[in-house]
Amino acid sequence: MAGLLYKDFVAIHGKIYVAVLLSATLFLALFSIAPLPGDLSYDTAIVVGALVAVMSMVLPMVVTFSIENNIIASDAGAKKKAFLWSLPVSRKQYVASKYLFVLICYYVILSVTIIWAEFVNSPVEEALGDSFLMDVMGMMPLWVQACLLVSAIELPFFVVLGQKIGNAIKTGILFVLFFAVFGYMLFGDITFLEQFDLNMLITWMKEHTEICMAWQVSCPIVSGVAYYLSYRIAVTFFARKEPGDEE
């Protein structure tokens, strides 16, 4: 299993991801302790805080839309499959390694972004007078769990049918969703967009702690169960698949 995980790490050029994350963490650590003069400190805190908030939302999507594709594409081809099955690796272990690798990526990103927020929170809170960044980061686990649910839906298609067919199905689903949203924007009631306010949402979450706590407890259970069921489905169908190249 460890060998399969390392193979996927190499396939996605994992050292580059590690280097970037470590460099960003070091920069933010220095930023949190290095004093800056006057207005420069205020402006820099706002920019860095915004970047951390944006990257916290973007990085989980990198796993969903890039890393998943790459770890499946790395095994595409009849020769690669023949070599893989010549190793002492069962199909169950192969599928488990894909699911475990994606899960580890989500965990690493969640952990790193929380560390970033801890580094940046004090300068941002001093500049803005509130803990807006930590309020945003409070929604980060829910966002990661939402991305995990997306992975749970699409991973069986990638694992069983291959990258090309999996991407075709994924693209088709996205097109259907896009046209559904586009049609609703044209003919539906969109007045709620005018009333939407992120600060209002954060305030509502602070006022309804019981509901938020219930969400925080139930969402990991739901996403975890969905991810496990997705794994079982992928294992079942992949085990029945005939040897050969799916591309």
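For the structure, check the block above.
On a predicted model such as this, the values are computed, not experimentally measured, just so you know.

Draft legend 1. Structural detail: the overall build of the protein. A tally of helices and strands in the protein yields 11 helices and 0 strands. Shown N-terminal to C-terminal, the secondary structure of the protein runs as helices and strands in the order α-α-α-α-α-α-α-α-α-α-α. Within the protein, buried positions represent 33% of all 247 residues. Taking as baseline every contact in the protein between residues at least 6 positions apart, the subset at least 24 positions apart corresponds to 83%. When the accessible surface of the protein is summed, it comes to about 14500 Å², and 74% of that surface belongs to carbon and sulfur atoms.

Draft legend 2. Geometry of the packing of aromatic side chains. This structure, assessed with the given rule, holds 5 aromatic pairs. Ring geometry for Tyr94 versus Phe238: centroids 5.4 Å apart, planes at 20°, classification stacked. On the criterion of sequence distance, the pair formed by Tyr94 in helix α5 (residues 91–128) and Phe238 in helix α11 (residues 209–240) is long-range, its members being 144 residues apart. For the pair shown, Tyr94 and Phe238 are each scored as buried. Grouping aromatic residues by their ring pairs yields a cluster made of Tyr99, Tyr227, Tyr228 and Tyr231. For the cation-ring pair, Arg91 lies above Phe238, with the distance from its terminal atom to the ring centre recorded as 5.3 Å.

Draft legend 3. Summary view of the nonpolar core. Formed by 45 residues in total, the largest nonpolar core has its most connected members in Val95 and Tyr99. Mapped onto this core, the elements with two or more residues apiece are α1 (2–11), α2 (14–33), α3 (38–73), α5, α7 (140–161) and α11. A total of 14 residues in this core trace back to one element, the largest contributor, which is α5.

Draft legend 4. Geometry of the layout of surface pockets. Each pocket or cavity is described by its volume, and for the largest pocket that value is around 550 Å³. Taken together, 26 residues make up the lining of the largest pocket; nearest its centre are Tyr17, Val18, Leu21, Leu59 and Ile109. Residue assignment for the lining of the largest pocket shows that the elements contributing at least two residues are α2, α3 and α5. A per-element tally of the lining of the largest pocket places α2 first, with 9 residues. Size it by volume and the second largest pocket reaches roughly 230 Å³. Of all the elements in the fold, those that place two or more residues in the lining of the second largest pocket are α7 and α8 (163–187).

Draft legend 5. Here's a closer look at unusual backbone geometry. Phi at His13 is positive, roughly 55°, even though this residue is not glycine. One can find His13 in the loop between α1 and α2. According to the relative accessible area criterion, His13 is exposed, its value standing at 52%.

Draft legend 6. Examining the pattern of salt bridges more closely. A complete count under the given rule lists 2 salt bridges for this structure. Notably, a salt bridge pairs Lys7 with Asp8, separated by 3.1 Å at the nearest N-O pair. Looking at Lys7, the relative accessible area reads 26%, which means it is partly exposed. On the accessibility criterion, Asp8 (0% relative accessible area) is buried. The partner of Lys98 in a salt bridge is Asp8, and the shortest N-O contact between them spans 2.9 Å.

Draft legend 7. Focus on α7. A rise of 1.5 Å per residue sets the reference length of α7, with its 22 residues, at 32 Å; its end C-alpha atoms lie 31 Å apart and thus fit the reference within 8%. Where α7 bends most, the angle comes to about 40°, and this point is Glu154, followed within four residues by the proline Pro156.

Draft legend 8. Structural detail: the side chain of Thr113. By the secondary structure assignment, Thr113 is in helix α5. Within the local environment of Thr113, its side chain forms a polar contact with the backbone oxygen of Ile109, the two atoms lying 2.8 Å apart. If near-sequence neighbours (up to four positions away) are discounted, Thr113 is found in contact with Ser56, Leu59, Met137 and Met140.

Draft legend 9. Fine view of the environment of Leu100. By the element assignment, Leu100 lies in helix α5. In this structure, the C-alpha to C-alpha distance between Leu100 and Tyr231, residues 131 residues apart in sequence, is 9.7 Å.

Draft legend 10. Seen up close, α2. Here α2 is 20 residues long and its end C-alpha atoms lie 29 Å apart, about the 28 Å a rise of 1.5 Å per residue gives. Among the residues of α2, Gly14, Leu21, Thr25, Leu28, Ala29 and Phe31 are the ones counted as buried. For α2, the angular spread of buried residues about the axis comes to 160°, placing them on one side. Of the exposed residues in α2, the ones pointing more than 90 degrees away from its buried face are Lys15, Ile16, Val20 and Leu26.

Cut-offs and rules
- Residues numbered from 1 in each chain as written.
- Predicted model: local features only at pLDDT ≥ 70, side-chain atom pairs only at ≥ 80, totals over all residues.
- Heavy atoms only, no water.
- Helix = DSSP H or I, 4+ residues; strand = E, 2+ residues; numbered from the N terminus.
- Buried < 20%, exposed > 50% of the residue type's maximum accessible area, 1.4 Å probe, protein only.
- Contact = heavy atoms within 4.5 Å.
- Areas by Shrake-Rupley, 256 points an atom, 1.4 Å probe, with all protein chains shown as cover.
- Phe/Tyr/Trp six-rings, centres within 6.5 Å; stacked < 30°, edge-to-face > 60°.
- Lys NZ or Arg CZ within 6 Å of the ring centre and 35° of its normal.
- Core = buried A, V, L, I, M, F, W, Y, C linked by side-chain atoms within 4.5 Å.
- 1 Å grid on protein atoms, 1.4 Å probe; cavity = no way out; pocket = protein on both sides within 12 Å on 5 of 7 lines; lining within 4 Å.
- Points joined across faces, edges and corners; volume = space filled by probe spheres on them.
- Salt bridge = Lys/Arg side-chain N within 4 Å of Asp/Glu carboxyl O.
- Expected span 1.5 Å × (residues − 1).
- Bend = angle between axes of the 7 residues up to and from the residue.
- Polar contact = N/O pair within 3.5 Å; in protein donor to acceptor, adjacent residues only side chain to side chain.
- Arc of directions from axis to C-beta.

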